[in-house]
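Here is what each chain is made of, one letter per residue.
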Amino acid sequence: MEHNIIYGKHAVLLACNKRKAEDITRILVTERSSIALFPSNLANKIEIHQPKVLSKYSANHNGFVCHTKSIRTIGENELKNMHNILALDCVQDVGNIGAILRTAAAFGVEAVIYTTDKMPDIAHNTTVSKLSSGGIELIKLCCVTNLSRTLELLQNEDFWIIGTDAGGQPLSAIQKQYQNSKKVVVLGNEESGIKPSVRKVCDAFASININPDIDSLNVSAAAAIVLWELFGKK
């Protein structure tokens, strides 16, 4: 299994508290007092170093660096028993992806589906992990080769596929119609949106009501609004 390097306090601590001990191979911190923040079964993997040692990995380490095995992704079959799923269709910017994962974790998304076609491999991307502020540790990741086919499989498991599009129905109407249903929300590429093959699978499209003088929202900002409305709102 490949190894990743995680850096930043929140990302490292969540990884160490959520993953199996055998998935954590090495922990580097800058202060001895930091040891108390980690599970006791990882004590033998903690090393105290000067900040310059951690800076070799990243300038934004905040005193925490962790070597881990790659995040364990799940298969398509494990999705069918879930209720709230997010699919990313060619979202490319790692900053956007990290922010989306953090929001997804905050609002109860159970899994994120993605492909590596024109996208970073989320499970193996150190920057995404850092920018998710640990959110990546709280949700399952499912990497598929054909997003349209996966969405069709989920439709057969009673999921409704909700795309996001400026020409769609008001978000509030979508929330009311599908509030008690199993759902997959699809977010598209920053520039071109959801690609045609995926659009054909969507059962409905949701839109966000914004000032008409503003063309659109950044995909991570749109994700926060859509996921709160469809998954987080009570």
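The paragraphs below set out a description of the structure included in this document. Model, not experiment: these values are computed from the prediction. (Residues numbered from 1 in each chain as written. Predicted model: local features only at pLDDT ≥ 70, side-chain atom pairs only at ≥ 80, totals over all residues. Heavy atoms only, no water.)

**A word on the sheet that holds strand S1 (residues 3-7)**
So, point 1. If you walk across this open sheet you meet the four strands as S1-S4-S2-S3, and the pairing is mixed. Bordering the open sheet on either side are S1 and strand S3 (46-48), each of which pairs with just one other strand. Looking at each pair of strands side by side, their axes are set apart by 15 degrees on average, direction ignored.
So, point 2. In this fold helix H1 (residues 9-18) packs onto S1, strand S2 (24-29) and strand S4 (64-69), with an angle of close to 40 degrees to the strand it touches most, S4. (Pairing = 2+ DSSP bridges. Helix = DSSP H or I, 4+ residues; strand = E, 2+ residues; numbered from the N terminus. Axes fitted to C-alpha atoms, helices over the stretch in contact; angles between N-to-C directions. Contact = heavy atoms within 4.5 Å.)

**Details of the pairing of strand S9 (residues 182-187)**
Consecutive side chains of a regular strand alternate in pointing toward one face of the sheet and then the other.
So, point 1. Across the six residues that make up S9, a large majority, five, are buried.
So, point 2. The pairing of strand S5 (residues 84-88) with S9 spans five bridges and is parallel. Across the sheet, the residue bridging to Asn84 is Lys183, located in S9.
So, point 3. Across five bridges, strand S8 (residues 159-170) lies against S9 in parallel orientation. Within the sheet, the bridge partner assigned to Trp160 lies in S9 and is Lys183.
So, point 4. What joins S8 to S9 is helix H6 (residues 171-178), and the crossover it makes is right-handed. (Buried < 20%, exposed > 50% of the residue type's maximum accessible area, 1.4 Å probe, protein only. Right-handed = clockwise from strand over helix to strand, strands pointing away.)

**Section: the side chain of Asp89**
So, point 1. The residue Asp89 is located in the loop between S5 and helix H3 (94-106) in this model.
So, point 2. Accessibility expressed as a relative area gives 1% for Asp89, which makes it buried.
So, point 3. Setting aside its immediate chain neighbours within four residues, Asp89 contacts Leu147, Val186, Leu187, Gly188, Asn189, Gly193, Ile194, Lys195 and Val198.

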